[in-house]
Amino acid sequence: MLKKVPNPIDRHVGSRVRMRRMLAGVSQEKLGEALGLTFQQVQKYEKGANRISASRLQQIAKMLEVPVSFFFDGAPSGDTPEGGFADMASTTYVSDFLATSEGVQLTKAFIKIKSSRVRRRIVDLVEALAEEAGEKA
């Protein structure tokens, strides 16, 4: 029996819910309680395994203090982007990164750094580490 593959838009919306929830510091349990759901249901929404109804998405948007349109920002359209593959990839990897707990933690910590010089040095360090990791692969 074949495993059902989530619709790309459902996955995108779910990942945006996860990203916003994590940035707001809300657990799956807390969001589920506020919506009258189990954390497992929230988990399925975030993975795109279950579709989020329009009314439920409206509730989630209100709880996470964003407009409903936030969840569709950068969503796949099925059309080939006019700028080519590079434009699509540049927005996808950022969304994918911010959908991880590490991405959210790193972003929150980075934003707290006031010195632009220190932030630049951190970027340089991460780029050097990534380059070194690429050479070893």
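Looking now at the overall build of the protein chain. Helix and strand content of the protein chain: seven helices and zero strands. The order of helices and strands in the protein chain, counted from the N terminus, is α-α-α-α-α-α-α. Counting all 137 residues of the protein chain, 24% fall into the buried class. Summed over all atoms, the accessible surface of the protein chain reaches about 9900 Å², with 57% contributed by carbon and sulfur.

Before going further, it helps to examine the packing of helix H1 (residues 8-23) against helix H6 (residues 101-112). Their axes nearest at 10 Å, the elements H1 and H6 cross at an angle of 40°. Classed by the angle they form, the pair H1 and H6 counts as oblique. The hand of the H1/H6 crossing is right-handed. Contact with H1, carried on its side by Arg-18, Met-19, Met-22 and Leu-23, involves Ser-101, Val-104 and Lys-108 of H6 and no other residues of that element. Residues belonging to the contact of H1 with H6 are distributed by class as follows: four nonpolar, one polar and two charged.

Quick look at the layout of surface pockets now. In this structure, the second largest pocket occupies an estimated 220 Å³ of space. Within the lining of the second largest pocket, the residues separate by chemical class into six nonpolar, one polar and one charged.

Attention now moves to the packing of aromatic side chains. Tallying each qualifying case throughout the model produces one aromatic pair. Ring geometry for Phe-70 versus Phe-71: centroids 5.4 Å apart, planes at 80°, classification edge-to-face. Relative accessible area serves as the criterion here: at 16%, Phe-70 is assigned to the buried category. Judged by relative accessible area, Phe-71 falls into the buried class, the value being 0%. A cation over a ring is seen here: Arg-16 above Phe-70, with NZ or CZ 4.1 Å from the ring centre.

With that out of the way, let us pick up the side chain of Ser-15. Topologically, Ser-15 is positioned in helix H1. When sequence neighbours within four positions are dropped, the list of residues in contact with Ser-15 reads Glu-46 and Ala-99.

Moving on: the side chain of Arg-21. Note that Arg-21 resides in helix H1. At 2.8 Å, the side chain of Arg-21 forms a polar contact with the backbone oxygen of Val-26. Within the structure, the side chain of Arg-21 is placed 2.5 Å from the side chain of Glu-46, a separation counted as a polar contact. The contact partners of Arg-21, leaving out residues within four places of it in the chain, are Val-26, Ser-27, Gln-28, Leu-31, Glu-46 and Leu-64.

Criteria and cut-off values
- Residues numbered from 1 in each chain as written.
- Predicted model: local features only at pLDDT ≥ 70, side-chain atom pairs only at ≥ 80, totals over all residues.
- Heavy atoms only, no water.
- Helix = DSSP H or I, 4+ residues; strand = E, 2+ residues; numbered from the N terminus.
- Buried < 20%, exposed > 50% of the residue type's maximum accessible area, 1.4 Å probe, protein only.
- Areas by Shrake-Rupley, 256 points an atom, 1.4 Å probe, with all protein chains shown as cover.
- Axes fitted to C-alpha atoms, helices over the stretch in contact; angles between N-to-C directions.
- Parallel < 35°, antiparallel > 145°, perpendicular 65-115°, else oblique.
- Left-handed = near helix turned anticlockwise from the far one by under 90°.
- Contact = heavy atoms within 4.5 Å.
- Nonpolar A, V, L, I, M, F, W, Y, C, P; charged D, E, K, R; others polar.
- 1 Å grid on protein atoms, 1.4 Å probe; cavity = no way out; pocket = protein on both sides within 12 Å on 5 of 7 lines; lining within 4 Å.
- Points joined across faces, edges and corners; volume = space filled by probe spheres on them.
- Phe/Tyr/Trp six-rings, centres within 6.5 Å; stacked < 30°, edge-to-face > 60°.
- Lys NZ or Arg CZ within 6 Å of the ring centre and 35° of its normal.
- Polar contact = N/O pair within 3.5 Å; in protein donor to acceptor, adjacent residues only side chain to side chain.

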